[in-house]
Amino acid sequence: MSVEHRFESVAALTEAAARHIVALARASIAARGRFTLALSGGSTPKPLFRLLATEYAHSINWAAVHVFWSDERCVPPTSADSNYKLAHDLLLAHVALPPEQIHRLSGEDDPTQAAEDYGQVLRMIFGGPPRFDLILLGMGDDGHTASLFPGTSALTVADRWVVANYVEKASMWRLTFTYPTLYAAREIMVLIAGADKQPIYDHVRTDAQPPYPIQQVRVDDGELGWWVAF
Ligand code: 6PG
């Protein structure tokens, strides 16, 4: 099921998204004893991370949370380009999340090996195909999401949960969830903010041609939420 949550401002979007994540965490922990959360990168989630680390830091039982990433740049965890570093500095360093429950993609390693290693982590944590309680995604100005960029090989991978993907446009290797991992989630929140994104969003929501990678995102058994403020 695809649902739009539209807000008048980024602040309103951020507040509502934080409250929703708190509610999802509480429900997941009550139902299954844990909350499996995959974070996105980029700039859009920054205010959300800050809010979760401050106003809502004590609203979630972080001891029952496992954090993952839906994609990562192939850079060291100390790099300013690292999605891990972004989340660590704004959120993870400020909440009582056990370090062993922070599952970082090893961007410093060989990309193919890092993807295989992460696939083993997912198999260990989920006991099989990963079904995340929540995956956060963003949308780029070319309609990419996670690191599923137009014209890249990861778009056609159906037999692995996470892959290495060379992104010509960025002249770099990335690690990304594949579509099957997204399809299997209980819920996906796509966070989109800024007037510059509205034309791309309209293209996506009207399923216009040519299809952008994010248009192939779906949730087979759960909610695909478009959380937007322009
Ligand atoms: C990344 C992200 C990427 C991001 C979009 C939107 O690693 O960069 O995972 O998919 O969500 O590019 O980025 P902004 O939020 O900065 O617009």
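These numbers come from a predicted model, not from an experiment. (Residues numbered from 1 in each chain as written. Predicted model: local features only at pLDDT ≥ 70, side-chain atom pairs only at ≥ 80, totals over all residues. Heavy atoms only, no water.)

Colleague: In this structure, what is going on with the overall build of the protein chain? I would like to understand it.
Modeller: Looking only at helices and strands, one finds six helices and nine strands in the protein chain. Computed over its C-alpha atoms, the radius of gyration of the protein chain comes to 16 Å, within 12% of the 17 Å expected for a compact globule of 230 residues. Taking the principal axes of its C-alpha atoms as reference, the protein chain extends roughly 45 × 45 × 35 Å. Across the 230 residues in the protein chain, those meeting the buried criterion constitute 56%. Put simply, of all contacts in the protein chain between residues at least 6 apart along the chain, 76% involve residues at least 24 apart. (Helix = DSSP H or I, 4+ residues; strand = E, 2+ residues; numbered from the N terminus. Rg over C-alpha atoms; globule rule 2.2 N^0.38 Å. Buried < 20%, exposed > 50% of the residue type's maximum accessible area, 1.4 Å probe, protein only. Contact = heavy atoms within 4.5 Å.)

Colleague: I would appreciate a short explanation of the pairing of strand E9 (residues 223–229) in the present structure.
Modeller: Successive residues of a regular strand alternate their side chains across the two faces of the sheet. Within E9, seven of the seven residues are buried, which leaves it mostly tucked inside the rest of the structure. Here E9 shows a buried face lined by Glu223, Gly225, Trp227 and Ala229 and a second buried face lined by Leu224, Trp226 and Val228. Here strand E1 (residues 2–7) runs beside E9; their pairing, made up of six bridges, is parallel. Within E9, the position partnered with arginine 6 by the bridge is valine 228. Where strand E8 (residues 187–193) lies against E9, seven bridges are found, and the strand directions are parallel. For valine 190, the partnering residue across the bridge sits in E9 and is tryptophan 226. You can see the chain leave E8, run along helix H6 (residues 198–205) and come back into E9, and the turn it takes is right-handed. (Pairing = 2+ DSSP bridges. Right-handed = clockwise from strand over helix to strand, strands pointing away.)

Colleague: It is not clear to me how the packing of helix H2 (residues 46–53) against helix H3 (residues 83–90) should be interpreted in this structure. Could you clarify?
Modeller: Any two packed helices are characterised by how steeply their axes cross, that is the angle between the axes, and by the distance between the axes. As a packed pair, H2 and H3 sit with axes 8 Å apart at the nearest point and diverge in direction by 35°. Along the contact surface, H2 presents Lys46, Phe49, Arg50 and Ala53, while H3 presents Leu86, Ala87 and Leu90. Considered class by class, the residues forming the contact of H2 with H3 number five nonpolar, no polar and two charged. (Axes fitted to C-alpha atoms, helices over the stretch in contact; angles between N-to-C directions. Nonpolar A, V, L, I, M, F, W, Y, C, P; charged D, E, K, R; others polar.)

Colleague: Any chance you could explain the pairing of strand E5 (residues 134–137) here in plain terms?
Modeller: Going residue by residue along E5, you find Leu134 and Leu136 tucked away on one face and Ile135 and Leu137 tucked away on the opposite face as well. Note that strand E2 (residues 35–39) and E5 share two bridges and pair parallel. Its bridge partner being in E5, alanine 38 is matched across the sheet by isoleucine 135. Here E5 runs beside E8; their pairing, made up of three bridges, is parallel. Counterpart to leucine 136 in the pairing with E8 is methionine 189.

Colleague: I would appreciate a short explanation of the site of the ligand in the present structure.
Modeller: Taken together, 15 residues lie around the ligand, and Thr44, Asp71, Arg73, Ala146 and Lys197 are the ones closest in. Threonine 44 is positioned with one of its side-chain polar atoms (N or O) 2.6 Å from an oxygen atom of the ligand. One of the side-chain nitrogen or oxygen atoms of arginine 174 is found 3.3 Å away from an oxygen atom of the ligand. Protein chains bury 88% of the 410 Å² of accessible surface belonging to the ligand in isolation. Across the shell around the ligand, the residue classes break down as two nonpolar, nine polar and four charged. (Near = heavy atom within 4 Å. Polar contact = N/O pair within 3.5 Å; in protein donor to acceptor, adjacent residues only side chain to side chain. Areas by Shrake-Rupley, 256 points an atom, 1.4 Å probe, with all protein chains shown as cover.)

Colleague: Even after reading the chapter, I still don't get H6, so can you show me in this structure?
Modeller: Buried residues of H6: Ile200, Tyr201, His203 and Val204, and no others. Taken end-on, H6 shows its buried residues confined to a sector of 160°, consistent with a single buried face. Tucked into the core, H6 has its buried residues touching E1, E8 and E9. Looking one or two residues beyond H6, the residue adopting positive phi is aspartate 207, at roughly 55°. (Arc of directions from axis to C-beta.)

Colleague: Would you take a moment to explain the environment of arginine 123 for this structure?
Modeller: Position of arginine 123 relative to the elements: it lies in helix H4 (residues 111–126). Of the residues examined, arginine 123 reaches a relative accessible area of 43% and is grouped as partly exposed. What arginine 123 contacts, discounting residues up to four positions off in sequence, is Gly128 and Trp161.

Colleague: Any chance you could explain the packing of aromatic side chains here in plain terms?
Modeller: The relation between two aromatic rings is expressed through the spacing of the ring centres and the mutual angle of the planes. Following the criterion strictly, the structure yields 10 aromatic pairs and no others. Where phenylalanine 68 meets phenylalanine 132, the ring centres are 5.0 Å apart and the plane angle is 85°; that geometry is what we call edge-to-face. Of this pair, phenylalanine 68 sits in strand E3 (residues 65–69) while phenylalanine 132 sits in the loop between H4 and E5, and the two are 64 residues apart along the sequence. Judged by relative accessible area, which is 0%, phenylalanine 68 ranks as buried. One aromatic cluster in this structure is built from Phe68, Phe126, Phe132 and Phe177. Here arginine 104 stacks its cationic end above the ring of tyrosine 84, 5.6 Å away from the centre of that ring. (Phe/Tyr/Trp six-rings, centres within 6.5 Å; stacked < 30°, edge-to-face > 60°. Lys NZ or Arg CZ within 6 Å of the ring centre and 35° of its normal.)

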